[in-house]
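# Summary of structural features
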Amino acid sequence: MPTATHPGEELRDSALLQLNAAAKALHLDPGMHKYLRTPERTLIVAVPVTMEDGGLEVFTGYRVQHSTGRGPGKGRIRFHPNVTLAEVEGLAMLMTWKCAVTELPLGGAKGGVAVDPRKLTRRQVERLTKRYTAAILPIIGPEKDIPAPDVNTDESTMAWIVDTVTMMTGNHSPEVVTGKPIELGGSRGRTEATGRGVAFVALEVLKGRGMRVDGTRVAVQGFGNVGSVTAKSLADAGCKIVGISDISGGYASSNGIDIPRAIEHVKSNPQRTLEGFPGLSKISNAELLAMDVDVLVPAALEGQIHEDNAHSVRAPIIVEGANGPVTADADRMLTDRGVTIVPDILANAGGVVVSYFEWVQSRAQVYWELDEVETRLEIYMRRAMDLVLTTAKKYDSSLREAAFIVAVDRVARAIERRGIFP
């Protein structure tokens, strides 16, 4: 395979390599393997936007549906200047495996527009969203492909999509997206879903190892939505959170950190960081990754653990809260040392699981209470983690390889059951 020259190509190539490894382990039919390497549908659209001065700018948008073998496509939409077709293809494929490993009746999709929304007014971003929605409308819908928010998009973006679809079809269509405001049929618990999902799989790994939860030492890199919710959920379960960090640096205490107090500190801090949080030792992010803990949760950015610092990681269990926080080289080095790494396609799948719940609720027009959402999320995440642990033993593989084996097998079997049309 040629060397990738763009991060989007690297992501797509990495996804393909994981598919190849799973296909080899499963002795997958060569034709099926070829089919799963190829997106089912790719749409490239021009997105014209009238600027405030009356001038016209044209941006490029994408929507890729990798596989709908198990159900409608499911995947987020991002607005970022570096969005490329290769990146969207890779992310769509990963969404296929993320939905399959958690046993959701959905396929994988992804969308994006190559634009820097920071250079646009809010009104221009709304125009961009609505024009992009109109352009991809022929291939999205509650029974075709259900978008959700991602980088530089949020619940307001989803509300604009609902409005566009409603105006163009004449039908109120809250089920066309997930990640909507509660007022438009959004699900309770969705904001916390990814972090709670990370915590559930971490607890399942501890259970599988026969380790006591009480007193388990945990370090969490990144104290945004995912990291803070993960830390609080693990602390509530009895773990001792001894290290946390954000862009202001790392903070540690061998006696454990009061996570609710840390969350309140961030909320009240004008910079929305941990800077100035009292009673803790100040350390660097690099030192946090090297802490002597039982569980390390990298929940910040991709590529944080790489070949240059993997040797310093002492945690025997790593749970990937962020997307791709452990590089491929570091993954090999750590796995060879016996470190257990719960891969991102499973560990941070809580968001898409609750997105699925939102889609179900919107279609039925029956909405669940928070405790029901969280109970169902725990069932899905623990069940998926348990199956991946069992599969890893069966194939004598890492958890990352096992997660892809489970996912690829489920998608391939669904397509085989349906048969190839016509």
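Structure: see above.
Residues numbered from 1 in each chain as written. Predicted model: local features only at pLDDT ≥ 70, side-chain atom pairs only at ≥ 80, totals over all residues. Heavy atoms only, no water.

Time to look at the pattern of salt bridges. Between side chains of opposite charge, pairing is possible as soon as their charged atoms come close. Applying the stated criterion across every chain yields a total of 31 salt bridges. The closest approach of N and O atoms between R118 and D116, which form a salt bridge, is 3.1 Å. Relative accessible area serves as the criterion here: at 72%, R118 is assigned to the exposed category. With relative accessibility at 15%, the residue D116 sits in the buried group. With a closest N to O distance of 3.4 Å, R123 and E126 form a salt bridge. With a gap of three residues between them, R123 and E126 both fall in helix α4 (residues 122-136), about one helical turn apart. Given the relative accessible area of 44%, R123 is considered partly exposed. (Salt bridge = Lys/Arg side-chain N within 4 Å of Asp/Glu carboxyl O. Buried < 20%, exposed > 50% of the residue type's maximum accessible area, 1.4 Å probe, protein only. Helix = DSSP H or I, 4+ residues; strand = E, 2+ residues; numbered from the N terminus.)

Once rolled over the atoms, a probe with the size of a water molecule shows which space is left empty. Roughly 290 Å³ of internal volume is contained in the second largest pocket. Those elements that provide at least two residues to the lining of the second largest pocket are α6 (190-208), α10 (328-336), β12 (340-342), α13 (370-395) and α14 (399-418). Per-element tally for the lining of the second largest pocket: the top contributor is α13, with three residues. Residue composition of the lining of the second largest pocket, by class: six nonpolar, five polar and four charged. (1 Å grid on protein atoms, 1.4 Å probe; cavity = no way out; pocket = protein on both sides within 12 Å on 5 of 7 lines; lining within 4 Å. Points joined across faces, edges and corners; volume = space filled by probe spheres on them. Nonpolar A, V, L, I, M, F, W, Y, C, P; charged D, E, K, R; others polar.)

Turning to the side chain of T153, a few remarks are in order. Of note, T153 is situated in the loop between β5 (145-149) and α5 (155-169). Taking relative accessible area as the criterion, T153 reaches 9% and is therefore assigned buried. There is a polar contact of 2.7 Å between the side chain of T153 and the backbone oxygen of I77. Residues contacting T153, with those up to four places away along its chain left out, are I77, R78 and F79. (Polar contact = N/O pair within 3.5 Å; in protein donor to acceptor, adjacent residues only side chain to side chain. Contact = heavy atoms within 4.5 Å.)

Turning to the sheet that holds strand β2 (residues 56-67), a few remarks are in order. The five strands lie next to each other as β1-β2-β4-β3-β5, forming an open sheet whose pairing is mixed. Across the chains shown, the open sheet's two edge strands, defined by having one partner strand only, are β1 (41-50) and β5. Across the sheet, the mean angle separating the axes of adjacent strands is 25 degrees when strand polarity is ignored. When strand β3 (residues 73-80) meets strand β4 (residues 107-114), the two strands line up parallel, connected through six bridges. In the strand pairing of β4, I77 is matched with G111. (Pairing = 2+ DSSP bridges. Axes fitted to C-alpha atoms, helices over the stretch in contact; angles between N-to-C directions.)

What follows deals with the packing of aromatic side chains. Aromatic rings considered in pairs are described by the distance between their centres and by the relative angle of their planes. Within this structure, the stated rule accounts for five aromatic pairs. Aromatic side chains Y356 and W359 sit 6.1 Å apart centroid to centroid with 40 degrees between the ring planes, which places their arrangement in the tilted category. Of this pair, Y356 and W359 are both found in helix α12 (residues 350-364), three residues apart, which corresponds to roughly one turn of the helix. Ring geometry for Y356 versus Y380: centroids 6.3 Å apart, planes at 55 degrees, classification tilted. Taken together, the residues Y356 in helix α12 and Y380 in helix α13 connect sequence positions 24 residues apart. One aromatic cluster in this structure is built from Y356, F357, W359, W368 and Y380. (Phe/Tyr/Trp six-rings, centres within 6.5 Å; stacked < 30°, edge-to-face > 60°.)

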